[in-house]
Each structure stands twice: as C-alpha cells, then as structure tokens.
Number of protein chains: 2
Amino acid sequence: MQAECAGDAVKLNGREYPCTVSLAMDLVGGKWKTVILYHLKETSKRYSELRREMPDITEMTLSLQLKQLEKDGLVSRAVYGEKPPIKVIYQLTDFGKTFIPVLDAVTAWGNFILKEKGEVVYRS
Amino acid sequence: MQAECAGDAVKLNGREYPCTVSLAMDLVGGKWKTVILYHLKETSKRYSELRREMPDITEMTLSLQLKQLEKDGLVSRAVYGEKPPIKVIYQLTDFGKTFIPVLDAVTAWGNFILKEKGEVVYRS
DNA sequence: CGGGATCCTAGGGGATACTG
DNA sequence: CAGTATCCCCTAGGATCCCG
C-alpha cells in the first residue's frame, strides 16, 4: 500500500492534493460529513429523519453537507412527489459504500479515544 | 460498534463534538495532518526530513500542524543539542500509533479513489 | 416538507521575511 | 537547523428568516 505522498501530487474533480490520504480526508473531512455517512450506513433515510437524528446540525448545514456529499458521489438523492409534502430520500451510492470500512475504523478509533480520555455530555 | 451519535455529545480537551467520529476527524482532519502522520508511520524523523519529504507544505504550516498533533498527544517532540545546529526528532506516541489502522484504511481508500477516478500530476 | 437566501465569523492554511 | 512573526485570504459552518 503505497500512497502518492512523495513528490507527485494527485488530482480529483479539478482539486489538487499533495497525497492520496489528503484527497480522502477532503471528501469526508469536516465536522459533519462522517456523522451523516454514519447515519446513512445501514439504510437510506429521508431528510427529516436525518434532522431528527442529528439535533445539533442546522438545516442549512445539513443540506449543504448533503449537497457536497452528492457532488462527490458518496450519496444519492431521490425526490418523491410533486407538491408539498414531498419526500426526499438520501442513500449511499456504491462508491459511498466503499467508504464503510474506513468509517468503521474511524468509529472504532473515536470510541477508543472517548473511552481512554474523553467524556460524555449527557443530554437525555 | 455503537458511536455516540444519537443525542449525547462527547467532549475532549474542552472541545465538544456531536459524535465520536466527529471527534476523531477533528484530531486528524485538515489537509496535512494525515500526511504528516503517514510520514511518521514507520520511523521517527527530524524536522528537515519531514520538510524534504513534503515539499509543498510551508515551514510555518508544518510546524503549526506538528504542534497541534503534539498537543493532541499523537506525536512527541524531542530536542537534541543546545546551540544550532540543533536536532529535533518527531515520532508517533503510543496513542499516535493507535491511529495507524485508521490511517491504513484511509490510505487504501484514497488509493482506490485515485485508481477509479483521479489522476496523478507528475512532478518528477 | 425540504429546503434556499443572506449575513457573519473563527480559524485553517498560505506567502514572505526574519532569528536563537 | 529548526523554527517564529506578520499579514492576509478563503472556506466551513452557524444564525436567522423566507419559500415552492
């Protein structure tokens, strides 16, 4: 497993990165993208379900992040209905599913950190 | 494997996150941190080696990122010598080494993306 | 119901120059 | 050799309100 980290740069969709790991982190980095992917991991969901399951994300940020995930091909969006109430379903694409092993590794590591040195802020 | 993504927030070093995956991504997110960790994966290295191996990062950004990685306990810094030329060695801490499986997963995924839909910008 | 428009700001990251 | 000091720009992400 040799990442392109030594001299050559890599390019995807017009964006350029110093290394493939950097490219990967750009697709799923930030505060919310992995969280969203985590919630879509098992099953497709509607917009309102995602909102309910992530109370702290604002509507604007949620739809913005979803749009970026869609643009990068990780998530697909399907609209049902013409007039309100309409229904919008989000799900992982085949490409998005290739991220699941990474997501599992990140999740396991995040939980490990929490156990070792973090704390839970109870809300319930 | 259940991440804390449903209601409760998590906290580490005063920073609060909606989910453990989000916490993990904050420690290693951004354009450079994973690249630096990748270069420190096998062996410890001096500052100048890191610089040589990552020609595109500026000195300021490199030392800033190293400082953050050190603060978050992923990397340790050791100084040898009193007066210039001094020698500074960076290496993964034990905690930093727990990130390696994740790094490998991210690297593999990044390489996969490159192969499927990216392109290499040759410099040599 | 599922967003968009607008405005705002914190900080990540670059450029250039200098130093113990 | 291994950084700092400044300065500056740009994007992620939040707040608030509005719409088909």
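Residues numbered from 1 in each chain as written. Chains lettered and ligands numbered in written order. Predicted model: local features only at pLDDT ≥ 70, side-chain atom pairs only at ≥ 80, totals over all residues. Heavy atoms only, no water.

The next subject is the UniProt feature "domain: HTH hxlR-type" (unreviewed entry) in chain A. This chain's UniProt record puts "domain: HTH hxlR-type" (unreviewed entry) on residues 19-118 of chain A. Here residues 19-118 of chain A runs as 59% helix and 14% strand, with 30 Å between its end C-alpha atoms. (UniProt positions renumbered as here; feature names shortened; annotations may be inferred. Helix = DSSP H or I, 4+ residues; strand = E, 2+ residues; numbered from the N terminus.)

Moving on to the sheet that holds strand S4 (residues 75-80) of chain B. All names here are of chain B. Read across the sheet, 3 strands follow the order S3-S5-S4 without closing on themselves; strand pairing throughout is antiparallel. Two strands bound the open sheet, and with one partner strand each, they are strand S3 (45-46) and S4. Taken together, the 2 bridges between S3 and strand S5 (residues 87-92) define a ladder with antiparallel strand orientation. Residue pairing in the sheet places Arg46 in a bridge with Ile89 of S5. (Pairing = 2+ DSSP bridges.)

This next bit is on the relation of the copies chain A and chain B. Overlaying chain A with chain B gives an RMSD of 0.0 Å, the required rotation being 180° about an axis along which the chain moves by 0.0 Å. The transformation relating the two chain copies, once decomposed into turn and shift, fits a two-fold axis. Proximity to the rotation axis, assessed at the C-alpha, singles out Gly29(A) in chain A; its C-alpha lies 3.0 Å from the axis. (Least-squares fit on C-alpha atoms with pLDDT ≥ 70 in both.)

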